[in-house]
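Below, each chain spelled out in residue letters.
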Amino acid sequence: MSDVILDAAEGVIVPVHLLREADAEAAVAELGPQGRGLAAAQGFTGKAGQILLVPNAEGGLEQVLFGLGQARASGVRALAAKLPQGTYQIATSPQDITPDEAALAFALGSYRFDRYKKKSDERPRLVAKGADVAAVRAMAHACALARDMINTPPNDMGPLQIETIAREIAEQYGATITVVTGEGLLEANYPAVHAVGRAAGASREPRMIELSWGQEGHPLVAIIGKGVVFDTGGLDIKPSAGMRLMKKDMGGAAHALALARMVMAARLPVRLLVLTPAVENAISGDAMRPGDVIDSRKGLTIEVGNTDAEGRLILADALTRAAELSPDLTIDLATLTGAARVALGPQLPPFMTDDEALATAIMAASEAVEDPLWRLPLWKGYVEALDSDVADLKNDPDAWAQAGAVTAGLFLQRFAPEGAWVHLDIFAWNPKGRPGVPAGGEVMAIRALLRMLQDRYR
């Protein structure tokens, strides 16, 4: 994305005043007669999303008043979508909104996916006075990367493209990267990744991408992302309505790479292990079948009851690989279940962990940076729903358990490393646009996870 956050600019810079409802009346009273008249005519009272463009004598903008209602920094996301092209600077804001928070919210609200548009309009820019512009840009660029990856259609975002992006990140930050592809997955003992992805064409063969960064002696953090670039459902084929958004089924990989980029840009004192199994769940004569029993890297056999429950299979091999290196903390991110959406809707992703201290830290970070999350339990009463008559476990739980998001988490827990582990079932999509939050690919949870990591590894 082009930089909309500036540390300085020449020419006209229009001041913006961020106002809560309680402060709006006083701010309007300080305007000239024309400004007060406009405020009265437009009913400006500082409600969330209200904007007052106050002109100057030359017909340009003298200043902008923007209402936050009762919102915190997240309310600034709507500002960029309502401003005309130009350069702005926040002149006043509530004391509980820092310059960094306001600048990041403005940047997130400026995002557009216009890769396939013939013409793209210039976006308003913000001179971020008092902010750490480099840090804000690093976070904004990482979030934009994830959203771009999710929004890109599958013909331009296959396993090779995910690998290419991972290589670019590794080169930028001096990380080491290895990739195992196609039949090599069997030799390297990633049988579940191979089973899910083997039906795809030669140009979209499955792969395991492993990125390593950091100094020896620092605690190891493993970040794992589900990279199903398109999910037909396999032989248990999805209906057309269910397949329409399956370009976003690599959202976990996009989030994992974006979070890793944030960690490296912040130079946290950790060692990173980033694992992104990238596959297409395609249909061909070699496709995985319902009833197949496949191997896993851990040595557990898995009965495939449903080929549309493929994400947990590739994550199983990735989690096992992470466990071999004994991480201090393991995070996996995946667009895994529709059940999570039924439980919490598209805006509130659940996370699951049995580590109480980790859960508390994640919720505190979520609140601090306004990146919503909600904890679901790894309820052990549903474990037996994963029992198989012919294998060690199965990928489709018995219907009596019903809690599809929880049983998916319990499946992954069988492969997770010992110690601190958290699973996030993200949606990675806005089905309904609103000011500053356009419909389409969305980045979820990783700002909260970064804050948690910053607090954990100071």
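In this report, we go over the structure that sits alongside the text. In this text the structure is predicted, and so the values were computed from the model without any measurement. (Residues numbered from 1 in each chain as written. Predicted model: local features only at pLDDT ≥ 70, side-chain atom pairs only at ≥ 80, totals over all residues. Heavy atoms only, no water.)

A tally of helices and strands in the protein chain yields 15 helices and 20 strands. For the protein chain, whose C-alpha radius of gyration is 24 Å, the value lies close to the compact-globule estimate of 23 Å for 458 residues. Expressed along its principal axes, the backbone C-alpha trace of the protein chain runs to roughly 80 × 50 × 45 Å. Buried positions account for 54% of the 458 residues belonging to the protein chain. For the protein chain, long-range pairs separated by at least 24 residues make up 75% of all intrachain contacts whose partners lie at least 6 apart in sequence. Counting only carbon and sulfur atoms, one obtains 50% of the accessible surface of the protein chain, whose full area is about 18900 Å². Distance between charge centres in the protein chain, computed from 44 positive and 56 negative side chains, equals 5 Å. (Helix = DSSP H or I, 4+ residues; strand = E, 2+ residues; numbered from the N terminus. Rg over C-alpha atoms; globule rule 2.2 N^0.38 Å. Buried < 20%, exposed > 50% of the residue type's maximum accessible area, 1.4 Å probe, protein only. Contact = heavy atoms within 4.5 Å. Areas by Shrake-Rupley, 256 points an atom, 1.4 Å probe, with all protein chains shown as cover. Lys, Arg positive; Asp, Glu negative; His and termini not counted. Charge placed at Lys NZ, Arg CZ, Asp CG, Glu CD.)

The next thing to look at is the packing of aromatic side chains. Under the counting rule described, the total for this entry stands at three aromatic pairs. Sitting over the face of the ring of Y190, R297 holds its NZ or CZ atom 4.3 Å from the ring centroid. (Phe/Tyr/Trp six-rings, centres within 6.5 Å; stacked < 30°, edge-to-face > 60°. Lys NZ or Arg CZ within 6 Å of the ring centre and 35° of its normal.)

Turning our attention to the pairing of strand β3 (residues 51-55). Side-chain alternation along β3 places L52 and V54 on a buried face and I51, L53 and P55 on a face that remains uncovered. Two elements, β3 and strand β4 (residues 61-69), share five bridges in a ladder whose sense is antiparallel. Residue pairing across strands places P55 opposite L61, the latter belonging to β4. Here β3 folds back onto β4 in antiparallel fashion, the turn holding five residues, of which G59 has a positive phi close to 95°. (Pairing = 2+ DSSP bridges.)

Now for the sheet that holds strand β12 (residues 293-294). On the basis of which strands lie adjacent, the open sheet formed by three strands has the order β12-β13-β17 and mixed pairing. Each edge of the open sheet carries a strand with a single partner, namely β12 and β17 (393-394). Bridge analysis of strand β13 (residues 302-303) against β17 gives two bridges, and the strand direction is parallel. Counterpart to I302 in the pairing with β17 is L393.

It is worth spelling out unusual backbone geometry at this point. If you check the backbone angles, S326 has positive phi at about 50° while not being a glycine. As for its placement among the helices and strands, S326 is situated in the loop between α11 (311-323) and β14 (329-334). Taking the relative accessible area as the measure of exposure, S326 reaches 59% and is therefore exposed. Although it is not a glycine, E370 sits at a positive phi angle of roughly 55°.

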